[in-house]
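Fold and geometry: a report
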2 protein chains.
Amino acid sequence: MDLRKLFYPEKIAVVGASPGFDGGKMPFFQFLQFMEYKGALYPVNPAHAEISGVKAYPSLDDVPETVDLVIAQIPARFAIDTVKAAGRNGAPFVHFFTSGFSEVGNMELEKELVETARASNVRLVGPNCIGVLCAESRITFNMEFKPNGKGNVGFLGQSGGVSDNFVRMSGSRKIRLNKAVSYGNQADLKLEDFLAYFAEDPEIEAAAIYVEDVKNGPAFLDALGKTTASKPVILLKGGSTQRGAKAAASHTGAMAGDFKIFSSAVNQKGGIIVDTFEQMMDLMMLATSTRLPRGNRVGFLGAGGGTSVCFTDLAAKAGLEMPVLAQAVQDRISEKIPNVNTSTANPVDLGAFGFDFSIMAHTMLAMDQDENIDVIMPYFSLDFITSFAPHMASSGPEIILETVAKMKKPVIPILSKFAEDVLEMEKVRIEMFSVFREGGLAVFNTIQDCVNAASSILKWSNGR
Amino acid sequence: MDLRKLFYPEKIAVVGASPGFDGGKMPFFQFLQFMEYKGALYPVNPAHAEISGVKAYPSLDDVPETVDLVIAQIPARFAIDTVKAAGRNGAPFVHFFTSGFSEVGNMELEKELVETARASNVRLVGPNCIGVLCAESRITFNMEFKPNGKGNVGFLGQSGGVSDNFVRMSGSRKIRLNKAVSYGNQADLKLEDFLAYFAEDPEIEAAAIYVEDVKNGPAFLDALGKTTASKPVILLKGGSTQRGAKAAASHTGAMAGDFKIFSSAVNQKGGIIVDTFEQMMDLMMLATSTRLPRGNRVGFLGAGGGTSVCFTDLAAKAGLEMPVLAQAVQDRISEKIPNVNTSTANPVDLGAFGFDFSIMAHTMLAMDQDENIDVIMPYFSLDFITSFAPHMASSGPEIILETVAKMKKPVIPILSKFAEDVLEMEKVRIEMFSVFREGGLAVFNTIQDCVNAASSILKWSNGR
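Notes on the structure follow. The model shown is predicted, which means the values in this text are computed figures rather than measured ones. Note on numbering: residues in each chain are counted from 1, in written sequence order. By the order in which they are written, chains take letters starting at A while ligands take numbers starting at 1. Given that this is a predicted model, residues contribute local features only at a pLDDT of at least 70 and side-chain atom pairs are listed and counted only at 80 or more, while totals for whole chains, interfaces and linings are drawn from all residues. Only heavy atoms go into the side-chain values, all of them from the structure, while hydrogens and water stay out.

1. Overview of the packing of aromatic side chains
Applicable threshold: Side-chain rings of Phe, Tyr and Trp (the six-membered ring for Trp) are treated as a pair once their centres are within 6.5 Å; stacked means planes under 30 degrees apart, edge-to-face means over 60, and tilted covers the remaining angles. Runs of H or I in DSSP of at least four residues are treated as helices and runs of E of at least two as strands, each being numbered from the N terminus. Burial status follows relative accessibility: with a 1.4 Å probe on protein chains alone, a residue under 20% of its type maximum counts as buried, one over 50% as exposed, and anything between as partly exposed. Either the NZ atom of lysine or the CZ atom of arginine qualifies as a charge over a ring when it sits within 6 Å of the ring centre and within 35 degrees of the ring normal.
Counted under the stated rule, the structure contains 30 aromatic pairs over all chains. Arranged with centres 6.2 Å apart and planes meeting at 75°, the rings of Phe28 of chain B and Phe31 of chain B form a pair that is edge-to-face. In this pair, Phe28 of chain B and Phe31 of chain B are both assigned in helix H2 (residues 28–34), three residues apart and thus about one turn of the helix distant. A single burial state applies to Phe28 of chain B and to Phe31 of chain B, both of which are buried. Ring-pair connections join several aromatic residues into one group, and the members of that group are Phe7, Tyr197 and Phe198 of chain A. Sitting above the plane of the Phe384 of chain A ring, Arg168 of chain B keeps its charged end 4.4 Å from the centroid. The ring centre of Phe262 of chain B lies 5.6 Å from the NZ or CZ of Lys237 of chain B, which sits over that ring.

2. Considering the relation of the copies chain B and chain A
Threshold: For this overlay, a least-squares fit was computed on C-alpha atoms, restricted to residues scoring pLDDT of at least 70 in both copies. We call two residues contacting when some pair of their heavy atoms lies within 4.5 Å.
Mapping chain B onto chain A is achieved by rotating through 180° and translating by 0.0 Å along the same axis, at an RMSD of 0.0 Å. In symmetry terms, the pair is related by a two-fold rotation axis. Comparing interface residues between copies, 100% of those in chain B also sit at the interface in chain A, which points to an isologous, same-surface contact.

3. A look at helix H8 (residues 242–252) of chain A
Taken residue by residue, H8 of chain A has Arg243, Gly244, Ala245, Ala247, Ala248, His251 and Thr252 of chain A as its buried positions. Check the buried side of H8 of chain A and you find it contacts helix H11 (305–317) of chain B.

4. Regarding the side chain of Asn152 of chain A
Residues and elements named next belong to chain A. With respect to the helices and strands, Asn152 occurs in the loop between strand S8 (131–134) and strand S9 (153–157). Looking at Asn152, the relative accessible area reads 10%, which means it is buried. Every residue in contact with Asn152, bar those within four places of it in the chain, is listed here: Arg176, Asn178, Glu203, Ile204, Glu205, Ala206 and Thr288.

5. Let's talk about the pattern of salt bridges
So the rule is basically this: Salt bridge, as applied in this entry: a Lys or Arg side-chain nitrogen positioned within 4 Å of an Asp or Glu carboxyl oxygen.
One pass over the full model with this rule turns up 40 salt bridges over all chains. Across the pair Asp374 of chain A and Arg297 of chain A runs a salt bridge, and its minimum N-O distance is 2.8 Å. Of this pair, Asp374 of chain A sits in the loop between helix H13 (357–368) and strand S16 (375–381) while Arg297 of chain A sits in the loop between helix H10 (277–287) and strand S14 (298–302); the two residues are 77 residues apart in sequence, bridging distant segments of the chain. Across the salt bridge formed by Glu426 of chain B and Arg429 of chain B, the nearest N and O atoms sit 2.8 Å from each other. On the criterion of helical spacing, the pair formed by Glu426 of chain B and Arg429 of chain B is a turn pair, its members being three residues apart in helix H16 (residues 423–438). Both residues of the pair, Glu426 of chain B and Arg429 of chain B, belong to the buried class. Salt bridges linked by common partners bring Lys417, Glu426 and Arg429 of chain A together with Lys417, Glu426 and Arg429 of chain B together as one network.

6. Points about the interface of chain B and chain A
Defined as follows: Here the buried area means the combined drop in accessible surface, using a 1.4 Å probe, for two parts upon being joined, counting both sides. Any pair of nitrogen or oxygen atoms within 3.5 Å is treated as a polar contact; in protein, a donor-acceptor pairing is required on top of that, and neighbouring residues in sequence qualify only through side-chain atoms on both sides.
Tallying the contact residues gives 68 residues for chain B and 68 residues for chain A. Summing the contributions of chain B and of chain A, the shared interface buries around 5,200 Å²; its carbon and sulfur component is 55%. At the junction of chain B with chain A, the criterion picks out 32 residue pairs in polar contact (both at pLDDT 80 or more). Those elements that provide at least two residues to the side of chain B that touches chain A are helix H5 (160–172), strand S12 (233–237), helix H8 (242–252), helix H10 (277–287), H11, helix H14 (382–388) and H16 of chain B. In terms of residue count, H11 of chain B provides more of the side of chain B that touches chain A than any other element does, ten residues in total.

7. Comments concerning the sheet that holds strand S8 (residues 131–134) of chain B
All names here are of chain B. Here is the rule we go by: When DSSP finds two or more bridges between two strands, those strands count as paired. Lines fitted to the C-alpha atoms define the axes, with helices restricted to the stretch that makes contact. Angles between their N-to-C directions range from 0 to 180 degrees.
Read from one edge of the open sheet, six strands run S8-S10-S9-S11-S12-S13, paired in mixed fashion. The open sheet terminates on both sides in strands that have one partner only, identified here as S8 and strand S13 (272–274). For this sheet, the mean inter-axis angle between neighbouring strands, taken without regard to orientation, is 15°. Bridge count for strand S11 (residues 206–211) against S12 is five bridges, and the pairing is parallel. Each residue of the ladder has a partner; that of Val211, found in S12, is Lys237. Together, strand S9 (153–157), strand S10 (177–182) and S11 form the strand contacts of helix H6 (residues 191–200), whose direction differs from that of S9 by roughly 175°.

8. So, the environment of Ile414 of chain B
Structurally, Ile414 of chain B is set in strand S17 (residues 414–416). For the pair Ile414 of chain B and Gln268 of chain B, spaced 146 residues apart in sequence, the C-alpha to C-alpha distance is 31 Å.

9. What to know about the state of the cysteines
Residue and element names in this part refer to chain B. Our working definition: Two cysteine sulfur atoms make up a disulfide if the distance between them is within 2.5 Å.
Under the defined criterion, the tally for this structure stands at zero disulfides over all chains. Cys129 supplies the cysteine sulfur nearest to Cys134, a cysteine that is in no disulfide, at a spacing of 16 Å. The class of Cys134 is buried, set by a relative accessible area of 0%. With no disulfide partner, Cys310 has as its closest neighbouring cysteine sulfur the one in Cys450, 15 Å distant. Residue class for Cys310 comes out buried when judged on its relative accessible area of 11%.

10. Details of the packing of helix H7 (residues 217–228) of chain B against helix H9 (residues 259–268) of chain B
Two elements in contact, H7 of chain B and H9 of chain B, have axes whose closest approach is 9 Å; the angle formed by their N-to-C orientations is 30°. Residue-level inspection shows Phe220, Leu221 and Leu224 of chain B of H7 of chain B in contact with H9 of chain B, the latter providing Phe262, Ala265 and Val266 of chain B.

11. A closer look at the side chain of Ser120 of chain B
Residue and element names in this part refer to chain B. Along the chain, Ser120 falls in helix H4 (residues 107–120). For Ser120, a relative accessible area of 17% gives the class buried. Polar side-chain contacts of Ser120 include one of 2.6 Å to the backbone oxygen of Thr116.

12. Side note on the sheet that holds strand S14 (residues 298–302) of chain B
All names here are of chain B. Taken in spatial order, the four strands of this open sheet run S15-S14-S16-S17, and their pairing is parallel. Either end of the sheet is taken by a strand with one partner, and the two such strands are strand S15 (348–349) and S17. Two elements, S14 and S15, share two bridges in a ladder whose sense is parallel. Looking at the pairing, Gly302 lines up with Asp349 of S15. On the sheet, helix H17 (residues 447–463) packs against strand S16 (375–381) and S17 and is oriented at approximately 165° with respect to S16.

13. Focus: the packing of helix H12 (residues 327–334) of chain A against H13 of chain A
All names here are of chain A. As a reminder of what qualifies: Throughout, the term roughly parallel applies to angles under 35 degrees, roughly antiparallel to angles over 145, roughly perpendicular to angles from 65 to 115, and oblique to all others. Three classes are used: nonpolar for Ala, Val, Leu, Ile, Met, Phe, Trp, Tyr, Cys and Pro, charged for Asp, Glu, Lys and Arg, and polar for all others, with Gly counted as polar.
Contact geometry for H12 and H13: axes closest at 9 Å, N-to-C directions at 170°. Between H12 and H13, the angle is such that the two are roughly antiparallel. Of the residues in H13, those in contact with Val329, Arg332 and Ile333 of H12 are His362, Thr363, Leu365, Ala366 and Met367. Split into classes, the residues belonging to the contact of H12 with H13 amount to five nonpolar, two polar and one charged.

14. A short note on unusual backbone geometry
All names here are of chain A. In this model, Gly126 is joined to Pro127 through a cis peptide bond whose omega is 0°. Secondary-structure assignment places Pro127 in the loop between strand S7 (123–125) and S8. Note that the residue after Asn346, namely Pro347, is joined by a cis bond; omega there is 5°. Note on placement: Pro347 falls in the loop between H12 and strand S15 (348–349).

Here it is as structure tokens:
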């Protein structure tokens with residue numbers, strides 16, 4: 001199915017656009033203005049002659065051109081007429097923000113909506129969703145979306161709130177979103193239709209999905225298999241328990257099936273299932289980082305014996321190995337540190353010298369030479385760096401990044417923080433995170449998040 | 001064993017105290033000054049007549065009084081003489097910061113140290129550790145420690161770094177630390193000795209332990225059982241995997257045994273074992289909150305259908321139940337919200353009204369009346385609150401706290417955040433967190449942390 005005009009519409013009508021943000025309406029029209037959408041924009045509202053400085057039309061029939069996309073935010077009782085008007089206009093796509101259909105038990109109205117769409121030659125997004133986002137065409141459902149180039153990530157979310165959360169968290173983590181669809185009740189266009197488009201879309205290098213129910217299992221698995229053939233797909237399943245499925249039914253009218261069957265089919269098709277939203281974001285960050293680990297042999301360096309021990313335990317539990325470093329590598333590390341309260345074997349414990357970015361860099365370069373190591377994880381303790389080496393915090397991340405550029409192996413930094421109420425430390429964290437992310441590295445907040453994400457990506461790439 | 005003088009020393013000598021912070025030394029002497037320790041302080045260092053404004057003594061033999069505690073930070077080769085001098089002084093306790101003993105294979109020196117201590121009637125803390133902290137007597141191993149009253153939590157950590165992290169994170173989370181010991185190599189005084197003291201200590205209401213190896217299993221389990229009889233004990237085991245145990249051996253000379261045997265024995269004695277440091281902190285916060293859940297039936301309220309579904313799944317996976325609310329309760333919730341895009345059944349999805357603290361409060365009061373609910377978890381979306389209701393963020397938490405005071409059931413708020421790079425949002429988070437914590441509530445950053453901690457505490461209290 002050709003969804004190109006849905007993602008790249010040259011003309012958009014917003015039916016139910018409003019000058020104010022009242023009545024629970026989303027300001028879709030203003031979003032498009034704010035994003036500096038370059039195409040033609042037609043607000044439709046019989047109560048206003050003008051909306052946000054643009055001439056408004058009493059009805060869709062008054063819009064002088066055929067539009068590519070209609071965004072409809074009108075009460076459910078006007079939905080059928082809106083589809084008919086879209087058909088008369090020749091618009092190929094209508095996105096219904098409108099709710100009050102199958103998710104509240106109103107099955108008949110939803111069925112009539114779809115039949116009307118078929119008869120009118122119109123395809124529907126939703127209803128009961130916040131619709132479409134595309135960085136290149138500058139359309140969005142979230143005011144916080146700040147396109148970072150064209151982007152390389154696709155997201156499909158059955159929930160509007162989860163889709164919003166994805167936009168916010170991916171933005172803050174510099175995961176570059178290319179396209180997203182909040183697809184709601186899937187009355188007409190379904191998850192599998194969007195995913196099939198993502199499979200072929202050269203702009204999308206990795207995809208994430210939040211799904212509460214799949215309408216057409218075989219079509220979904222087919223689209224999933226086609227997508228995972230060339231890009232990683234991370235899935236979070238809402239309603240993966242009986243009680244959760246009951247909650248999902250009243251959310252998007254979802255009829256969730258058995259999760260075990262779902263997850264084994266997804267795994268077989270090469271999808272990666274996660275348990276939490278945060279895990280999904282961790283994996284998206286890692287999947288789109290510059291260099292992926294090719295093996296499970298980790299080299300760890302940091303400050304602190306207890307932390308080194310805890311890292312080693314968590315890495316082992318996640319199925320990662322930590323070979324003892326070659327003697328020549330250990331000797332090179334030893335050149336810069338005393339032999340008391342330190343350890344060079346792996347985990348490498350640099351003691352208080354683990355707060356010195358130049359010694360961290362020296363150690364990373366040494367570890368890069370060890371042929372038994374696949375990936376290097378440097379641990380930065382923000383509490384100690386801000387206490388003991390605040391002068392380091394500004395230039396330090398750049399030193400690390402310059403070092404990574406000289407290395408062959410992938411590097412995954414951990415930015416650890418224990419005090420949670422120090423605004424100055426949050427500032428340092430955000431700055432270091434930004435420098436590392438702009439350098440193409442995945443960055444984690446805790447050792448467990450780091451080893452778990454690395455382990456998941458490795459299992460996935462080994463399974464291919 | 002009477003450790004009272006160790007925790008409440010009236011006179012302290014710091015052997016190896018230094019005017020500067022150079023040479024990898026910890027500024028123990030300056031810590032005590034900074035903390036306004038009220039007892040007598042004797043710095044000992046032959047190279048200085050005065051240290052930080054206090055007359056210094058060339059040797060411990062020159063100190064004019066018997067001290068209760070000697071803190072020794074001198075090279076390992078002077079350790080034996082220091083113990084002998086402590087014996088001549090009559091000091092009952094020596095804490096050795098000094099390392100270079102069993103953790104680097106120097107078994108003989110450590111053995112001789114203990115034999116000398118026995119002969120000198122001196123008990124040792126360490127060596128290779130940062131020693132003792134007590135809020136009441138104002139002694140500390142960490143400059144960031146800010147006593148919050150007498151405190152009610154005890155911590156025992158084999159690692160100095162992990163002990164530092166505990167101080168920092170507990171401080172920021174307003175977990176009120178009463179006593180802590182970083183106990184290192186356990187050459188003489190052992191984990192089990194400190195734990196036995198905690199068991200009897202009326203100031204300590206909950207304890208946490210980071211342990212790499214237990215020297216005397218039966219004594220440890222006996223002390224553990226005596227402690228858990230009256231207070232929860234959370235344990236993080238370093239070296240719980242074979243590879244982690246190897247790392248622990250070079251850290252504190254630990255000889256870790258089989259983790260399965262250890263964990264089943266600990267569970268049998270009523271201890272709670274966690275996998276990560278952060279889980280330990282989560283449980284300490286919950287264990288010391290004002291009201292603990294007495295059953296596993298959760299009422300959830302928040303904004304967002306997808307988040308509600310995800311919460312429900314994670315709660316079910318953690319063994320929590322979510323009964324449908326009584327009709328009268330649902331009716332009362334409905335009074336304040338429209339019936340579109342909301343759900344009152346449980347999870348309660350207030351839609352955009354979930355950003356309004358007064359409607360959250362109204363809903364919590366309604367849920368408090370439901371006899372099938374044991375604990376209420378309100379979900380606050382910081383991203384949306386700071387975007388849509390910034391005026392709420394200042395007075396909102398107080399409204400919630402006033403509501404909690406009118407309720408019977410325990411309340412555990414979740415402060416969710418997806419954008420990770422917005423300093424203003426961190427400020428709001430820190431403020432809301434502080435208000436809730438000062439009101440005695442446990443507060444979590446994610447739904448998974450919240451349900452997992454609640455589930456662990458419930459399993460523990462059900463097992464008693």
